[in-house]
Amino acid sequence: MIKSFRKDAVFDRCPECKSIGALRRSRARNSWEYLVKNSGFSNMYRCRECGWRGMKSNFSLKRISPKVILMYLLFIMFVAVFVRFVILKFIMR
């Protein structure tokens, strides 16, 4: 289900020249780019067509995402209520 959030920016459009599929990953050049890259939320990319270089996000919300988020929230609420019940019933006697 996490796949509904993750994307590969290599197949995206270049922000500068708007060509599709021309982006490729670029190495980090300084410590700031290295930190951003290792955070897991974005990577550095370079366009093969126009030479643009910059950061693009690895995540995007898709059509199914609100449903998945709602399911996860409901599951978390159910588990929280169940854990509270168990703690109050069996541990706090």
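Further up the page is the structure itself.
Quick word on the state of the cysteines
In total, this model carries zero disulfides according to the counting rule given. Considering cysteine sulfurs only, C47 is the nearest to C17, which forms no disulfide, with 3.7 Å between them. Exposure remark for C17: the relative accessible area of 32% places this residue in the partly exposed category. You can see C50 has no disulfide; the closest cysteine sulfur is in C14, sitting 3.7 Å from it. Here C50 falls in the partly exposed class, since its relative accessible area comes to 37%.

Here's the deal with the nonpolar core
Core analysis: the biggest nonpolar cluster contains six residues, these being C14, A22, L23, Y45, C47 and W52. For C47, the residues in contact, after removing those within four places along its chain, are C14, C17, S19, A22, L23 and W52.

What to know about the sheet that holds strand β1 (residues 23-25)
Working definition: the strands of a sheet are paired by backbone hydrogen bonds and lie parallel or antiparallel to each other. In spatial order, the strands read β1-β2-β3; together these three strands make up an open sheet with antiparallel pairing. With partners counted over all chains shown, the strands left at the sheet margins are β1 and β3 (53-57), one partner each. Strand-to-strand twist of the sheet, defined as the mean angle between neighbouring strand axes without regard to direction, takes the value 45°. Note: strand β2 (residues 42-47) against β3, five bridges, orientation antiparallel. Within β3, the residue paired with S42 across the bridge is S57. Along the sheet face, helix α1 (residues 31-39) touches β2 and β3 and points at about 115° away from the line of β2.

Quick word on the pairing of β3
Covered by surrounding structure in β3 are G54 and K56 only, the residues R53, M55 and S57 on the alternate face being uncovered. Linking β2 back to β3 in an antiparallel pair, the connection comprises five residues, with G51 at a positive phi of about 90°.

Concerning the environment of P15
Among the structural elements, P15 can be located in the segment before β1. For P15, a relative accessible area of 37% corresponds to the partly exposed category. A C-alpha to C-alpha distance of 9.3 Å links P15 and G54, two positions 39 residues apart in sequence.

Quick word on α1
Structurally, the start of α1 carries an N-cap: the backbone nitrogen of W32 is 3.3 Å from a side-chain oxygen of N30. G40 lies just past α1 and shows a positive phi near 90°.

Comments concerning the pattern of salt bridges
Going through the model one piece at a time under the given rule, you end up with one salt bridge. Residue R53 is joined to E33 by a salt bridge in which the shortest nitrogen-to-oxygen separation is 3.0 Å. Taken together, the residues R53 in strand β3 and E33 in helix α1 connect sequence positions 20 residues apart.

So, how was this worked out
- Residues numbered from 1 in each chain as written.
- Predicted model: local features only at pLDDT ≥ 70, side-chain atom pairs only at ≥ 80, totals over all residues.
- Heavy atoms only, no water.
- Disulfide = S-S within 2.5 Å.
- Buried < 20%, exposed > 50% of the residue type's maximum accessible area, 1.4 Å probe, protein only.
- Core = buried A, V, L, I, M, F, W, Y, C linked by side-chain atoms within 4.5 Å.
- Contact = heavy atoms within 4.5 Å.
- Pairing = 2+ DSSP bridges.
- Helix = DSSP H or I, 4+ residues; strand = E, 2+ residues; numbered from the N terminus.
- Axes fitted to C-alpha atoms, helices over the stretch in contact; angles between N-to-C directions.
- Polar contact = N/O pair within 3.5 Å; in protein donor to acceptor, adjacent residues only side chain to side chain.
- Salt bridge = Lys/Arg side-chain N within 4 Å of Asp/Glu carboxyl O.

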